[in-house]
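For reference, the chains in residue letters:
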Amino acid sequence: MSTVRRRLLIGGLAAAGSASIMVPLSDLWWPGRPVPDPVPWRQVTARFDLVNQAGRRTTDRDFAGQLLLVYFGYTFCPDMCPTALSVMAAAMDELGEPLAGRVQPILITVDPVRDTPAVLAGYVGLFHPRLIGLSGTPAQIARTAAHFHVHYRKVPAADSADYLMDHTGFIFLIGENRKIIRVFGQFSAPDDVADAVRRQLTPEPAP
Amino acid sequence: MRNHLLCFLPMLLAAAAAHAGDGVTASDAYARATAPGARTGAVYLTLTAADRPDRLLSVTTPVADRAELHEIMQMEGMSHMHPVDALAVAPGKPITLAPGGTHIMLMGLHQGLAEGSAFPLVLHFEQTGDVSLSVAVRAAGAMPAPAHDHHP
């Protein structure tokens, strides 16, 4: 398959997947393996107890009354993470105030060894002034990622210490009750993310 | 056999002369700004082959130890970066390297890429040879302008 067609296929599948709450990953993610059940993100109640880029302990309870936009990534990531964070930032800008004030965008690192709070501090500001970065011990990050059904693994570089990370690249929209409302692929349009937030925050018009 | 090759040689030389200055051109080359201490970056651009197919074999730049073509593949529930050996470009079918897809990855960046700056990059093509260009550094979250599909 040509590179362009493969990109379109992945993009199309990701876009199709991002349009539903339960992303049908089984076809995408497990070539050659027995098809598992779709990942039960409906059953996830977002929880985390980590450290923000200022070195302050930060938990899900610190954002009571707000929606969360959460992405698991890492600062060494040259392409996918800037893309996803850019989608989140553009969605925040598209929302504008006061709605944007009711949403907290969060980057949780899958590479806590390199992404210390200080490193995150120099990174998140590149994308959006409201974006916060969370790090922790490798054990804390592992627990948090497992809780979100986010997978990641180190990919050693052939001839340098600069490893990359494979990781699940979805953007999670989390409700005030901390349930996952929507899962967005990195090819999602910022408008779609903003629309989902608006629908969540704007009461239904009276019939 | 040798005589046959010699017969073709003037034709090849004439063809090469006729195509001098043609081959693949690169346009709209940009990189995203990185954190100051970043060691990796990504370059995006569009490649257009004038009138004969070609292949991008390698990339070099003074701002990084290595530059490689990478694509993103989905493996076991994770996005995975996979090196690409060579990128084929056909006439009439420009290829755009864009965020989320195949891109030129810079590894061992000597320093972070600052928005508003520019750096040199050389693309090494099988037929066209070396194509030098200047890469503009845009915002960290820069995205390409949406494509306009003119098909009716």
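Definitions and limits used
Residues numbered from 1 in each chain as written. Chains lettered and ligands numbered in written order. Predicted model: local features only at pLDDT ≥ 70, side-chain atom pairs only at ≥ 80, totals over all residues. Heavy atoms only, no water. Helix = DSSP H or I, 4+ residues; strand = E, 2+ residues; numbered from the N terminus. Buried < 20%, exposed > 50% of the residue type's maximum accessible area, 1.4 Å probe, protein only. Contact = heavy atoms within 4.5 Å. Areas by Shrake-Rupley, 256 points an atom, 1.4 Å probe, with all protein chains shown as cover. Pairing = 2+ DSSP bridges. Axes fitted to C-alpha atoms, helices over the stretch in contact; angles between N-to-C directions. Salt bridge = Lys/Arg side-chain N within 4 Å of Asp/Glu carboxyl O. Core = buried A, V, L, I, M, F, W, Y, C linked by side-chain atoms within 4.5 Å. Buried area = accessible area lost by both parts, 1.4 Å probe. Polar contact = N/O pair within 3.5 Å; in protein donor to acceptor, adjacent residues only side chain to side chain. Nonpolar A, V, L, I, M, F, W, Y, C, P; charged D, E, K, R; others polar. pLDDT = per-residue confidence, 0-100. Expected span 1.5 Å × (residues − 1). Arc of directions from axis to C-beta.

Asker: Outline the overall build of chain A, supporting the account with residue identities and numerical values.
Answerer: Counting its secondary structure elements, chain A contains six helices and nine strands. Taking all 207 residues of chain A together, 50% fall into the buried category.

Asker: Describe the overall build of chain B, naming the residues involved and giving the relevant values.
Answerer: Regarding its fold elements, chain B presents one helix and 10 strands. Of the regular secondary structure in chain B, the N- to C-terminal order runs α-β-β-β-β-β-β-β-β-β-β. Per-residue burial over chain B gives 44% buried out of 152 residues. Taking the contacts inside chain B whose residues are at least 6 apart along the sequence as the reference set, 70% of them involve residues at least 24 apart. Looking at chain B as shown, the accessible area adds up to about 7900 Å², and 60% of this sits on carbon and sulfur atoms.

Asker: Describe unusual backbone geometry, with residues and values.
Answerer: Following Glu97 of chain A, the chain continues to Pro98 of chain A via a peptide bond in cis, the omega torsion being 5°. For Pro98 of chain A, the location among the structural elements is in the loop between helix H3 (80-95) and strand S4 (103-109).

Asker: Can you break down the sheet that holds strand S5 (residues 132-135) of chain A residue by residue, with the values?
Answerer: Residues and elements named next belong to chain A. Strands sit in the order S2-S1-S5-S4-S3-S8-S9 across an open sheet of seven strands; the sheet is mixed. Both outer strands of the open sheet, strand S2 (57-59) and strand S9 (180-184), are each paired with one neighbouring strand and no more. Direction aside, neighbouring strands of the sheet carry axes that sit 35° apart on average. Docked against the sheet, H3 engages strand S3 (67-73), S4 and strand S8 (171-174), running at close to 165° with respect to S3. Contacts from helix H4 (residues 117-124) reach strand S1 (49-52), S4 and S5, with the element oriented near 160° to S5.

Asker: Give a detailed account of the side chain of Thr34 of chain B, specifying residues and quantitative values.
Answerer: With respect to the helices and strands, the residue Thr34 of chain B is situated in the loop between strand S1 (24-32) and strand S2 (40-49). Each residue touching Thr34 of chain B, except ones within four places of it in the same chain, is listed here: Leu126 of chain A together with Thr40, Gly41, Leu109, Gly112 and Leu113 of chain B.

Asker: Tell me about the environment of Gly23 of chain B, and name the residues and values.
Answerer: All names here are of chain B. Here Gly23 lies in the loop between helix H1 (2-18) and S1. With 112 residues separating them along the chain, Gly23 and Val135 place their C-alpha atoms 20 Å apart. Leaving out residues up to four positions away in the same chain, Gly23 has contacts with Thr48, Ala49, Ala50, Asp51, Arg52 and Thr128.

Asker: Residue-level account of the pattern of salt bridges, with values.
Answerer: Pairing between side chains becomes possible if they bear opposite charge and their charged atoms approach one another. Overall, the coordinates contain 11 salt bridges over all chains when judged by the stated rule. A salt bridge links Glu94 of chain A to Arg198 of chain A, with the nearest nitrogen and oxygen atoms 3.1 Å apart. Of the two residues, Glu94 of chain A sits in helix H3 while Arg198 of chain A sits in helix H6 (residues 190-201), which places them 104 residues apart along the sequence. When its relative accessible area of 36% is taken as the criterion, Glu94 of chain A is described as partly exposed. The exposure class of Arg198 of chain A is partly exposed, given its relative accessible area of 25%. Here Asp28 of chain B makes a salt bridge to Arg138 of chain B, at a shortest N to O gap of 2.7 Å. In this pair, Asp28 of chain B sits in strand S1 while Arg138 of chain B sits in strand S10 (residues 129-138), placing the two residues 110 residues apart along the sequence. With relative accessibility at 29%, the residue Arg138 of chain B sits in the partly exposed group. Salt bridges linked by common partners bring Glu94, Asp195 and Arg198 of chain A together as one network.

Asker: Describe the nonpolar core, naming the residues involved and giving the relevant values.
Answerer: In this structure, Phe172 of chain A together with Ile104, Leu106, Phe119, Leu121 and Leu123 of chain B are the most contacted members of the largest nonpolar core, which totals 95 residues. Of the residues forming this core, the biggest block, nine residues, is contributed by H3 of chain A. Apart from residues no more than four positions distant in its own chain, Leu123 of chain B is found in contact with Ala26, Leu45, Leu47, Leu56, Ser58, Val59, Ile104, Gly129, Asp130, Val131 and Leu133 of chain B.

Asker: With reference to specific residues and values, describe the interface of chain A and chain B.
Answerer: A common measure of how large an interface is: the accessible area buried when the components associate. Listed as interface residues are 32 residues of chain A and, on the opposing side, 33 residues of chain B. Summing the contributions of chain A and of chain B, the shared interface buries around 3000 Å²; its carbon and sulfur component is 57%. Taken together, the links from chain A to chain B amount to one salt bridge. Applying the counting criterion to the chain A and chain B interface returns nine residue pairs in polar contact (both at pLDDT 80 or more). At the level of elements, helix H1 (3-18), helix H2 (26-29), H3, H4, strand S6 (152-155) and strand S7 (164-167) of chain A are the ones that each hand at least two residues to the side of chain A that touches chain B. For the side of chain A that touches chain B, a count of residues per class yields 16 nonpolar, eight polar and eight charged.

Asker: Can you break down the confidence of the model for chain B residue by residue, with the values?
Answerer: Residue and element names in this part refer to chain B. The predicted model of chain B has a mean per-residue pLDDT of 86, with 82% of residues at 70 or higher. Mean pLDDT across the elements of chain B ranges from a minimum in H1, with 58, to a maximum in strand S9 (residues 118-125), with 98. Interface confidence for the predicted complex, expressed as ipTM, amounts to 0.76; the pTM equals 0.80.

Asker: Summarise H6 of chain A; cite the residues concerned and give the values.
Answerer: All names here are of chain A. Between its terminal C-alpha atoms H6 stretches 17 Å, which fits the 16 Å expected from 12 residues at 1.5 Å a residue. Looking only at H6, the buried set comprises Val193, Ala194, Ala196, Val197 and Leu201. Relative to the axis of H6, the buried residues are bounded by an arc of 160° and lie together on one face.

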